[in-house]
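Analysis of the macromolecular model
Single-letter residue listing:
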Amino acid sequence: MTADRPTLGTISPLIPAGEDVSAAIAFYEQQLGFRAIHQEGNPVRMAIVERDSAVLFLVQNGDRMVAEGTSLRIQVNGIEQLYQEFQAKGGQAIHPNGHLETKPWGPKEFAILDLAGVCITFYEFPTSE
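What you are looking at is a predicted structure, and each value in this text was computed from that prediction instead of being measured.

1. Some words on the packing of aromatic side chains
All told, the structure shown has seven aromatic pairs when counted by the stated rule. Between the aromatic rings of Tyr28 and Phe34, the centroid separation amounts to 5.7 Å while the plane-to-plane angle is 80°, which identifies the pairing as edge-to-face. Across the pair, Phe34 and Tyr28 agree in class, each one buried. An aromatic cluster of three or more residues is present, and its members are Tyr83, Phe86, Phe110 and Phe122. Arg73 extends its terminal NZ or CZ atom over the ring of Tyr123, reaching a point 4.5 Å from the ring centre.

2. Considering the sheet that holds strand β4 (residues 54-59)
Neighbouring strands of a sheet are bound in pairs by backbone hydrogen bonds; such pairs are parallel or else antiparallel. An order of β1-β4-β3-β2 is seen for the four strands of this open sheet, with the pairing classed as mixed. Edge positions in the sheet fall to β1 (14-16) and β2 (35-40), since each of these pairs with one other strand and no more. Here the average twist between neighbouring strands, direction ignored, is 25°. In this structure, strand β3 (residues 46-51) lies alongside β4, joined through six bridges in antiparallel fashion. Among the inter-strand pairings, Arg51 is bridged to a residue of β4, identified as Ala54. Relative to the sheet, helix α1 (residues 21-30) contacts β1, β2, β3 and β4, its axis offset from that of β4 by approximately 155°.

3. Digging into the side chain of Thr121
On the secondary structure map, Thr121 appears in strand β8 (residues 119-124). Residue Thr121 is classed as buried on the basis of its relative accessible area, which comes to 11%. Aside from chain neighbours lying at most four places away, what touches Thr121 is Leu72, Arg73, Ile74, Glu109, Phe110 and Ala111.

4. Describing unusual backbone geometry
Cis geometry marks the peptide bond from Asn42 to Pro43; its omega dihedral reads 5°. Counting through the fold element by element, Pro43 comes out in the loop between β2 and β3. Of note, the phi angle at Asp52 is positive, near 55°, even though the residue is not glycine. Residue placement: Asp52 occurs in the loop between β3 and β4.

What counts as what
Residues numbered from 1 in each chain as written. Predicted model: local features only at pLDDT ≥ 70, side-chain atom pairs only at ≥ 80, totals over all residues. Heavy atoms only, no water. Phe/Tyr/Trp six-rings, centres within 6.5 Å; stacked < 30°, edge-to-face > 60°. Buried < 20%, exposed > 50% of the residue type's maximum accessible area, 1.4 Å probe, protein only. Lys NZ or Arg CZ within 6 Å of the ring centre and 35° of its normal. Pairing = 2+ DSSP bridges. Helix = DSSP H or I, 4+ residues; strand = E, 2+ residues; numbered from the N terminus. Axes fitted to C-alpha atoms, helices over the stretch in contact; angles between N-to-C directions. Contact = heavy atoms within 4.5 Å.

Listed below in structure tokens is the structure:
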């Protein structure tokens, strides 16, 4: 690989957060372990939340169809521990059809639904030992 070849870095998607971005921030902090690192507006119209290398931009958007049509995948190291962490918080965020399982295409994964209806899948590929 040459030094002048462009490379892509992490992705920071814009997530429709519903009308109440403050409620979305609370959900991401309390249920998913993210922390808010930036907020704009009064009331809040946009916020940036992060957990480790995952950074999400929560934007005010009350269109439920947009939220329910939005999904993303986040790679995880320690998927079973993360799943247990979310279960210990009551498991309300876990998608009814998205419990932890190994998929035919290889990764072990589970999905959550946020307050607005956005689906986030957390996944981990098995390591070769």
